[in-house]
Amino acid sequence: KIAVLVLAGGKSSRMGRDKALLEIEGKSLLQRACEVAASLTSEVYVLTAWPDRYRSMLTTECQFLLEYSPGTGPLVALTQGLTEIAAEWILLLACDLPLLEADIIQNWVDRLTEVPLSTLAVVPYQNSRWEPLCGFYRRQSLSSLQRFIESGGRSFQVWLSQIVAIPLPVSIREAVMLSNCNTPEEFEQLKGKIDS
């Protein structure tokens, strides 16, 4: 049983405007992420400090979690999700992944049943780096994550290298899917990939 936690709490400072509201083919990036999430599970959560900003524009059934420490980064956001959501696995998704493909992610979900109980995370891995904002985190990873944050840790890369995490291999198709956008230029490039 999985739940999906979509993060919509970033400041979007490099983009210059709210990334979650950017539109491709008439749909906001947040709506696109929630639609993919809803095709995987009925448990879709959006973690944000601004639920009222997004509630009216989402046509997908999802629940809002009010971010209790906005601006502290995705590791702290994941901690809140693991605390408040009662699923064995949480798929953490950034809202700025406009090329998400439900069939790729469903294939990953199907493999979770074979993952040993000692494994705390299953995360795409490419170019010697984890891709944590499209990764799966077991509920039991919460205590390890809390200890890491309490000791001053803020990096997904460091935390994932310290716990039992299984890397998901990334081919060209998955690499394209994991493209995110932080600047207007990156957003235009990704829009071009969808339009083409």
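Residues numbered from 1 in each chain as written. Predicted model: local features only at pLDDT ≥ 70, side-chain atom pairs only at ≥ 80, totals over all residues. Heavy atoms only, no water.

Q: Summarise the environment of leucine 7; cite the residues concerned and give the values.
A: With respect to the element layout, leucine 7 can be found in strand E1 (residues 2-7). The class for leucine 7 is buried, based on a relative accessible area of 13%. Separated by 89 residues in sequence, leucine 7 and aspartate 96 have C-alpha atoms that sit 8.9 Å apart. Discounting chain neighbours no more than four positions away, the residues touching leucine 7 are Leu47, Pro74, Ala77, Leu92, Leu93, Ala94, Cys95 and Leu133. (Helix = DSSP H or I, 4+ residues; strand = E, 2+ residues; numbered from the N terminus. Buried < 20%, exposed > 50% of the residue type's maximum accessible area, 1.4 Å probe, protein only. Contact = heavy atoms within 4.5 Å.)

Q: Provide a residue-level description of unusual backbone geometry, including the pertinent values.
A: With a phi angle near 50°, asparagine 127 is a residue other than glycine that sits in the positive phi range. Residue class for asparagine 127 comes out exposed when judged on its relative accessible area of 69%. Even without being a glycine, serine 128 presents a positive backbone phi close to 60°.

Q: I'd like a rundown of the packing of helix H3 (residues 74-84) against helix H5 (residues 142-150), residues and numbers included.
A: Two numbers describe how H3 lies on H5: the axes approach to 10 Å, and their chain directions differ by 145°. Relative to H5, the crossing made by H3 is left-handed. Only Leu142, Leu145, Gln146, Phe148 and Ile149 of H5 make contact with H3, whose side of the interface consists of Leu75, Val76, Leu78, Thr79, Leu82 and Thr83. Residues of the contact of H3 with H5, tallied by class, amount to eight nonpolar, three polar and no charged. (Axes fitted to C-alpha atoms, helices over the stretch in contact; angles between N-to-C directions. Left-handed = near helix turned anticlockwise from the far one by under 90°. Nonpolar A, V, L, I, M, F, W, Y, C, P; charged D, E, K, R; others polar.)

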